Amino acid sequence: WKILFFKVVILTVFLSTLTPKFYVALTGTSSLISGLIFIFEWWYFQKYGTSFIEQVSVSHLRPLIGGVENSPPVPGFSANNGENETNRQSLSECKVWRNPLNLFRGAEYSRYTWVTGKEPLTYYDMNLSAQDHQTFFTCDTDSLRPSDTVMQKAWRERNPQARIKAAYQALELDNDCATAYVLLAEEEATTIIHAEKYFKQALKAGETVYRKSQHCHPQNSQHEAQLRRDTNVLVYVKRRLAMCARKLGRIKEAVKMMRDLMKEFPLLSMLNIHENLLEALLELQAYADVQAVLAKYDDISLPKSAAICYTAALLKARAVSDRFSPEAASRRGLSTAEINAVEAIHRAVEFNPHVPKYLLEMKSLILPPEHILKRGDSEAVAYAFFHLQHWKRIEGALNLLHCTWEGTFRMIPYPLEKGHLFYPYPSCTETADRELLPTFHDVSVYPQKELPFFIHFTAGLCSFSAMLAVLTHQFPELMVIFAKAVSIVSRWGCVFLCVCTLLSVEAPQFQLGPVGTTSRQY
């Protein structure tokens, strides 16, 4: 204790001899360092949704001090079957789906890049598309045809120019190579008209190959795989041709092509062609036909989507939105039709809470990605990009949405734990959306996360040190006196602590001896 006492005395004497310039430099440096830590913490939280200091302490420091992390439960041995079902549903909702209304790379995405200099697609999104193309357009029998062998390599190429070059090589080997025309339509064509010409050539070649595969189908498993591949090519080409007709204003023709495609291949409902049909029917303002499609696909046994839920809400809002007034509704109460419309909006918002901000133009829109995450921000961007015009066309629909959509959150105060009409909101959407959406887009997060403790702590530390730096710079003499006073107080506090320690160690303690006398023990 004596050595500790002398060290404190020496330290306080040293601090009392320091000049005001030292205190200015000290407080300024500490303010700068704490400010940098605060900026880094804020940036890390905005990018990854967690605190860097907290993550490091949990991941690295906690094991060193003997902390034990909770092991994840084994799905097969959970005691609650209901929780297992919820977890399985959450995992399925975190699955990434191909956007049924995805744009054309050459005619739309590339033109955006030429104008703005920004890349609208992420590498993760394009890599998923490459995997889809290899799954849809290749099979085990590609080695039997040289053109298909070339295209099998083309779908794996990362460089767009290399893919286009390979497509031309495949056409030199076989002028009826449908997948080569598909690649050129998607990536080389710079206009929708040019892309439509390529898809028409692909349709002609694809139908020929498809008819040949139908005759060879019963022979063996290889021909079965080839028929599946040729079916995928034909469906893809017809769908893209319908989308070309929709973009070029031939909407009735597009609707007919989509209906025929759904009748010809009814088992391919997982491709979500009905969402293309819904959008085209809304453009025609054929609301009765839209209701008929919803009656078929808005079923409890089928997976939901923002297009299904919000289109159903739009149709119910259409019946009351033109004469809806919040003031009148508060006076007389809501009618049955208005209650149905509000409930439909609440249902849609619960399914995907990101959509209203785009429809109400509270957030700026970007080009939709090629893949979406259901209930996530990527799905909201894709839906609003194509359907905002339909909401604007119906008078009062956006006003009704604006007045009622936030009421949904009062019914689900803990959306990650329990939902109202759907399963709890999945917690994985933010991570997946950051991979799917470009970096220049501000990803919508639901529910909003509270700022971590360390951001508040570093902000307070930065503010306090900055205040000390300013005061020391403006009033150096007073701050030196204050520092000396603090050092004196700390010195006498240390002396008092040492004296207390000495007394507790060396004070005699009297205890009663065995024969009734007192014995002194140290």
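The following paragraphs examine the structure supplied in this document. (Residues numbered from 1 in each chain as written. Predicted model: local features only at pLDDT ≥ 70, side-chain atom pairs only at ≥ 80, totals over all residues. Heavy atoms only, no water.)

Here we look at the overall build of the chain
The criterion, for reference: Helix and strand definitions follow DSSP, with helices as H or I runs of at least four residues and strands as E runs of at least two, each counted in order from the N terminus. Think of it in three bands: residues with accessible area under 20% of the maximum for their type are buried, residues over 50% are exposed, and the middle band is partly exposed, with areas taken using a 1.4 Å probe on protein chains only. Note on contacts: a residue pair qualifies if any of its non-hydrogen atoms lie within 4.5 Å across the two residues.
Regarding its fold elements, the chain presents 24 helices and four strands. Going through the 522 residues of the chain one by one, you find that 44% of them count as buried. Pairs at least 24 residues apart make up 69% of the contacts formed inside the chain by residues separated by at least 6 positions.

A closer look at the packing of aromatic side chains
Threshold: For this analysis, a ring pair means two rings from Phe, Tyr or Trp (six-membered ring only for Trp) whose centres lie within 6.5 Å, classed as stacked if their planes differ by under 30 degrees, edge-to-face if by over 60, and tilted for the remaining angles.
The final tally for this structure, using the stated rule, is eleven aromatic pairs. Ring plane angle 70° and centroid distance 6.4 Å describe the contact between Tyr 210 and Phe 265, whose orientation is recorded as edge-to-face. You can see Tyr 210 sitting in helix α10 (residues 192-216) and its partner Phe 265 sitting in the loop between α12 (251-264) and α13 (273-284), a full 55 residues away along the chain. A centroid spacing of 5.0 Å and a plane angle of 80° characterise the contact between Phe 385 and Phe 386, whose relative ring orientation is edge-to-face. Accessibility expressed as a relative area gives 31% for Phe 385, which makes it partly exposed. Among the aromatic side chains, those forming a connected cluster through ring pairs are Phe 136, Phe 137, Trp 155 and Tyr 236.

Examining the side chain of His 133
Tracing the backbone shows His 133 in helix α6 (residues 123-137). Not counting residues within four places of it along the chain, the set of residues in contact with His 133 comprises Arg 98, Thr 138, Trp 155 and Tyr 236.

Digging into the pattern of salt bridges
Test applied: Between Lys or Arg on one side and Asp or Glu on the other, a salt bridge is scored when a side-chain nitrogen of the former is within 4 Å of a carboxyl oxygen of the latter.
A full pass over the atoms with the stated rule returns 21 salt bridges. Glu 370 is the partner of Arg 105 in a salt bridge, and the nearest nitrogen-oxygen pair spans 2.9 Å. Separated by 265 residues along the polypeptide, Arg 105 in helix α5 (residues 105-116) and Glu 370 in the loop between α18 (355-359) and β2 (371-373) bring together distant segments of the chain. Classification of Arg 105 as buried rests on a relative accessible area of 12%. Glu 370 gets classed as buried once you look at its relative accessible area, which sits at 3%. For Glu 253, the salt bridge is made with Arg 250, and the minimal N-O distance between the two is 2.7 Å. Owing to a relative accessible area of 37%, Glu 253 belongs among the partly exposed residues under this scheme. Salt bridges here are not isolated pairs; linked through shared partners, they connect Arg 105, Arg 163, Glu 187 and Glu 370.

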